[in-house]
Amino acid sequence: MKATAVAPSNIAFIKYWGVKDEILRLPKNGSISMNLSELLTTTTVEFNPDFYQDSITVNNIQEIIEGNRIIKHLDRIRKLANSDLKAKVISENNFPTSTGLSSSASGFAALTVAGAAAAGLQLSEKELSILARQGSGSACRSIPDGFVEWLDGDTSETSYAVSLYPKDYWDIVDVVAVVSTIKKEISSTEGHKLATTSPFFDRRLQLNKEKMRLVKHYIKEKNFTAFGQLIEAEALELHAIYLTSHPSLIYLLPASLRLLHLVKKWRQEGLEVYFTLNTGQDVHLICEKKNAKKVVQKLSVLDEVQNTIINYPSKGAHLIKKHLL
Ligand code: PMV
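Below is a summary of the structure that appears in this document.

Reading guide: rules and limits
Residue numbers run consecutively from 1 along every chain, following the written order of its sequence. This being a predicted model, a pLDDT of at least 70 is required before a residue's local features are given, and a value of 80 or more before pairs of side-chain atoms are given or counted; all residues contribute to the totals for chains, interfaces and linings. As a rule here, side-chain values come from all non-hydrogen atoms in the structure, and water together with hydrogens is ignored. For this document, the term salt bridge refers to a Lys or Arg side-chain nitrogen within 4 Å of an Asp or Glu carboxyl oxygen. Note on conventions: DSSP H or I runs of at least 4 residues are helices, E runs of at least 2 residues are strands, and numbering of each starts at the N terminus. Burial here depends on accessible area, computed with a 1.4 Å probe over protein chains only, as a share of the maximum for the residue type. Under 20% is buried, over 50% is exposed, and the range in between is partly exposed. Note on definitions: angles span 0 to 180 degrees between N-to-C directions of axes, and those axes are lines fitted to C-alpha atoms, for helices only across the stretch in contact. Handedness of each helix crossing follows the sense of rotation of the near helix against the far helix: counterclockwise by less than a right angle gives left-handed, clockwise gives right-handed. The contact criterion used is simple: two residues touch if any of their non-hydrogen atoms lie within 4.5 Å. Any residue that is not Ala, Val, Leu, Ile, Met, Phe, Trp, Tyr, Cys, Pro, Asp, Glu, Lys or Arg is counted as polar, Gly included; the first ten are nonpolar and the last four charged. We treat two strands as partners when DSSP finds at least two bridges between them. Put simply, two rings from Phe, Tyr or Trp (the six-membered ring, in Trp's case) pair if the centres are within 6.5 Å, and we call them stacked under 30 degrees between planes, edge-to-face over 60, tilted for the rest. Note on geometry: a ring has a charge over it if NZ (lysine) or CZ (arginine) is within 6 Å of the ring centre and within 35 degrees of the ring normal. Proximity is defined per residue: any heavy atom of the residue falling within 4 Å of a molecule or strand makes that residue near it. All accessibility values rest on the Shrake-Rupley procedure with a 1.4 Å probe; residue burial counts only the protein chains present in the view. For this analysis, a nonpolar core means a set of buried residues of the types Ala, Val, Leu, Ile, Met, Phe, Trp, Tyr and Cys, connected via side-chain atoms within 4.5 Å. Here Asp and Glu are counted as negative and Lys and Arg as positive; His is not counted, and neither are the chain ends. We call two N or O atoms a polar contact when they sit within 3.5 Å, provided that within protein one can donate a hydrogen and the other can accept it, with sequence-adjacent residues counted only if both atoms are side-chain atoms.

Comments concerning the pattern of salt bridges
At step 1: Following the criterion strictly, the structure yields 17 salt bridges and no others.
At step 2: Residue arginine 204 is joined to glutamate 234 by a salt bridge in which the shortest nitrogen-to-oxygen separation is 2.9 Å. Pair noted here: arginine 204 is in helix 5 (residues 201-221) and glutamate 234 is in helix 6 (residues 224-243), with a separation of 30 residues, a long-range link.
At step 3: Note on glutamate 234: relative accessible area 1%, which makes it buried.
At step 4: When the shortest N-O distance is used, the salt bridge between glutamate 269 and lysine 298 registers 3.8 Å.

Considerations on the packing of helix 1 (residues 69-81) against helix 2 (residues 103-118)
At step 1: Two elements in contact, helix 1 and helix 2, have axes separated by 10 Å at closest approach and are oriented at 35°. The way helix 1 lies across helix 2 gives a crossing that is right-handed. For the pair formed by helix 1 and helix 2, the contact residues are Arg69, Ile70, His73, Leu74 and Ile77 on the first element and Ser104, Phe108, Leu111, Thr112, Gly115 and Ala116 on the second.
At step 2: Here the contact of helix 1 with helix 2 is built from residues that sort into 6 nonpolar, 4 polar and 1 charged.

Some thoughts on the pairing of strand 7 (residues 87-93)
At step 1: Summarising burial for strand 7: 5 of the 7 residues are buried, a large majority.
At step 2: Pairing geometry for strand 4 (residues 31-47) and strand 7, over 7 bridges, is antiparallel. By the bridge assignment for strand 7, valine 45 is matched with valine 89.
At step 3: Pairing between strand 5 (residues 55-58) and strand 7: 4 bridges, direction parallel. In the sheet register, threonine 57 faces strand 7, and the bridge partner there is isoleucine 90.

Some details on the packing of aromatic side chains
At step 1: Summed over all chains, the structure comprises 10 aromatic pairs.
At step 2: With a centroid separation of 6.1 Å and an interplanar angle of 75°, the aromatic rings of tryptophan 170 and phenylalanine 224 are classed as edge-to-face. Linking tryptophan 170 in the loop between strand 9 (160-165) and strand 10 (172-178) with phenylalanine 224 in helix 6, this pair joins segments that are 54 residues apart in sequence.
At step 3: Each member of the aromatic cluster is reached from another via a ring pair, and the members are Phe13, Trp170, Phe224, Phe227 and Tyr274.
At step 4: Across the ring face of tyrosine 169, the terminal group of lysine 222 is positioned such that the distance to the ring centre comes to 4.2 Å.

Some remarks on the site of the ligand
At step 1: Looking at the ligand, there are 15 residues lining it, with Tyr16, Ser138, Arg141, His192 and Thr279 nearest.
At step 2: Isolated, the ligand exposes 380 Å² of accessible area, and the fraction of that covered by the protein chains is 96%.
At step 3: Here the shell around the ligand is built from residues that sort into 5 nonpolar, 8 polar and 2 charged.

Concerning the sheet that holds strand 13 (residues 307-311)
At step 1: Spatially, 4 strands are ordered 11-12-10-13 in an open sheet, and the strand pairing comes out antiparallel. Each end of this open sheet is capped by a strand with a single partner; those strands are strand 11 (273-277) and strand 13. Taking the axes of each pair of neighbouring strands and ignoring which way they run, one obtains an average angle of 25° across the sheet.
At step 2: As paired elements, strand 10 and strand 13 share 5 bridges and run antiparallel to each other. By the bridge assignment, valine 175 is partnered in strand 13 with isoleucine 310.
At step 3: Of the strands in this sheet, strand 10, strand 11 and strand 12 (283-288) are in contact with helix 6, which crosses strand 11 at around 30°.

Quick notes on the nonpolar core
At step 1: If you look at the biggest cluster of nonpolar residues, it comprises 29 residues, and the most contacted ones within it are Val45, Phe47, Ile56, Leu74, Leu111 and Ile143.
At step 2: Where this core is concerned, the elements lending two or more residues are strand 1 (2-14), strand 4, strand 5, helix 1, strand 7, helix 2 and helix 3 (125-135).
At step 3: Broken down by element, the residue count for this core peaks at 8 residues, all from helix 2.
At step 4: Residues in contact with leucine 111, not counting those within four places in the same chain, are Thr43, Val45, Ile70, His73, Leu74, Ile77, Val89 and Ala116.
At step 5: Listed in part, the 28 residues of the second largest apolar core include Leu39, Tyr218, Ile286 and Ile309.

Structural notes on unusual backbone geometry
At step 1: Omega for the peptide link from histidine 246 to proline 247 comes to -5°, which places this bond in the cis form.
At step 2: For proline 247, the position within the fold is in the loop between helix 6 and helix 7 (254-268).
At step 3: If you check the backbone angles, arginine 25 has positive phi at about 55° while not being a glycine.
At step 4: Looking at where arginine 25 falls in the secondary structure, it is placed in the loop between strand 2 (19-21) and strand 3 (26-27).
At step 5: At asparagine 60, a residue that is not glycine, the phi angle is positive and equals roughly 70°.
At step 6: Examined against the element boundaries, asparagine 60 turns out to sit in the loop between strand 5 and strand 6 (61-62).

Focus: the side chain of aspartate 282
At step 1: Position of aspartate 282 relative to the elements: it lies in the loop between strand 11 and strand 12.
At step 2: Although aspartate 282 is buried, it makes no salt bridge; lysine 184 carries the closest opposite charge, 9.0 Å away.
At step 3: Polar side-chain contacts of aspartate 282 include one of 2.8 Å to the backbone nitrogen of valine 179.

Function-wise, these values are silent; they only describe arrangement.
This is how it looks when you write it as structure tokens:
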């Protein structure tokens, strides 16, 4: 009745933003991502008839049970397993949470895999992805390996992620530049609901299918230049939607903006690196492995950068034997 899983966070190259169904977390559009080797959540779940209430500890802090998203997810698992046993959950991230580093993706993927196993469920990768999606949309992409596509789908059964290529397919790197560890004011869950208030959101959706086709083509051809240009434009488009939503969502800090300018400058000087961004202030710098050291060196002398995390493509969520409790 006890299981532990490790799951990676992921960085979207084509972003999920906006929901067709808030409860089921069906996205307005498809998305493409890569799992990240150094942004990991480890979670142990134990269901036990001796527990009289659920208890959740994340990064050594006991969580309040009321309205808790983790409890809601345990309820989904209990429903599937036809069980009413209470659970103990211990979860640890090896990186700061709620700063745009997608702790909800790794968190809900790890919770899904550990929780399903602890409940005695034997779910396929597709079923795990569908379940993870309901906890946090982007978590569905942390289930399969490597480079991943989330098929948007109009129903719960058709909205899940699949692996396009395994982790060793392409030697690209995501150097995360942490510019601040302050927590964002508006979470992604709340932000998704505002997407349609941007006058540019419909246009964004119209362009999504072609963008998805192109990014898959560039990944297939390993055309890093075309790929980089496309994902950088996509990140800026996402933030254009944020800025023009009502209320407006302004996640970038002066330090983030300085990095965006620098990335363009470094490119002009011959270092091929592109940026992408999520719902937060940190900047993800994408480059080929051969350039990763140079990128880290450039970042290391900047006062704005508190920390860098070098991520390689990674496998998806999986069970491990060592429990946290
Ligand atoms: O899964 P959520 O609700 O945390 O939303 C993720 C939103 C973005 O990170 C901005 C885009 C994405 O596809 O990961």
